[in-house]
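Close look at the chain arrangement
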Amino acid sequence: MRRAGLSRERILDAALELVDRDGVAALSMRRLGKELGVEAMTLYYYLPNKDAVLDGLVDRALAGVTVRPEGPWREWARAFAVSFRAALLAHPGLLPLLATRPVSTPGGLLTVEIAAGALVEEGFSPTEALHVITTLATFVIGQVLAEAGRTPGHDQPDPEPPVDPARHPVLAEALAAGLGTPGDHEDRFVYALDALVTGLAPR
């Protein structure tokens, strides 16, 4: 039965807020219904099961990701990785979901198809094109897991390890230069992304 003021989008909004606050493990139809002030059974009118909610959250996470396969492929592939990182940092609670759940929604599959098709036009085989996309996505997810997991709110530096400058001069110098700060996370991401994109090529 429809409920006044309730919609698929509002349910997904509430699910995203719940996941951002308490993590994916806390998400259940019963808990989601409680957040919205309705019985869990009411939600099934809009979303048939929890998997549909999870797929909707994946689509939400990917909706803001830029994939415009125009111009040199390394440039737009790099832009995709930068955009994907920003989307994940905005909703770090979704990281376990995106790291383990394959893209299966129509919107997600179309995005992958467009990017893969553009890579095939650049000389990659279909399998290689998907390898490029997967490699970039898993690199970004790993990077953001390190950032979000160790930097609450993304505005505090990582806790410094007990480094003795006499015994660990290189580590001490790196820490003094900002290792583990948000700026360092950004620098590491750009450094590694440039190396990764430069090294990818059709066989």
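Residues numbered from 1 in each chain as written. Predicted model: local features only at pLDDT ≥ 70, side-chain atom pairs only at ≥ 80, totals over all residues. Heavy atoms only, no water.

**Description of the domain arrangement of the protein**
- Segmentation of the protein into domains returns domain 1 (8–60) and domain 2 (64–154 + 185–199).
- On a C-alpha basis, the centroid separation for the pair domain 1 and domain 2 is 25 Å.
- With 11 residues of domain 1 in contact, the opposing surface of domain 2 contributes 12 residues.
- Summing both partners gives a buried area of about 1000 Å² for domain 1 against domain 2, and 61% of it is carried by carbon and sulfur.
- Taken together, the connections running from domain 1 to domain 2 amount to 2 salt bridges.
- A salt bridge links aspartate 51 to arginine 101; its shortest N-O distance comes to 3.4 Å.
- The interface formed by domain 1 and domain 2 contains 4 residue pairs in polar contact (both at pLDDT 80 or more).
- Secondary-structure elements contributing two or more residues to the side of domain 1 that touches domain 2 are α1 (8–22) and α4 (50–63).
- Sorting elements by how many residues they give to the side of domain 1 that touches domain 2 places α4 first, with 7 residues. (Domains from an automatic or database assignment. Contact = heavy atoms within 4.5 Å. Buried area = accessible area lost by both parts, 1.4 Å probe. Salt bridge = Lys/Arg side-chain N within 4 Å of Asp/Glu carboxyl O. Polar contact = N/O pair within 3.5 Å; in protein donor to acceptor, adjacent residues only side chain to side chain. Helix = DSSP H or I, 4+ residues; strand = E, 2+ residues; numbered from the N terminus.)

**Structural notes on the pattern of salt bridges**
- One pass over the structure, following the stated rule, counts 12 salt bridges.
- A salt bridge links arginine 78 to aspartate 194; the shortest N-O distance between them is 2.8 Å. A residue pair is termed long-range when its members are at least 10 positions apart, and arginine 78 in helix α5 (residues 73–90) and aspartate 194 in helix α10 (residues 182–199) qualify at 116 residues.
- Given a relative accessible area of 33%, aspartate 194 falls into the partly exposed group.
- Each of Arg8, Glu9, Asp13 and Arg60 takes part in one network of salt bridges that share partners. (Buried < 20%, exposed > 50% of the residue type's maximum accessible area, 1.4 Å probe, protein only.)

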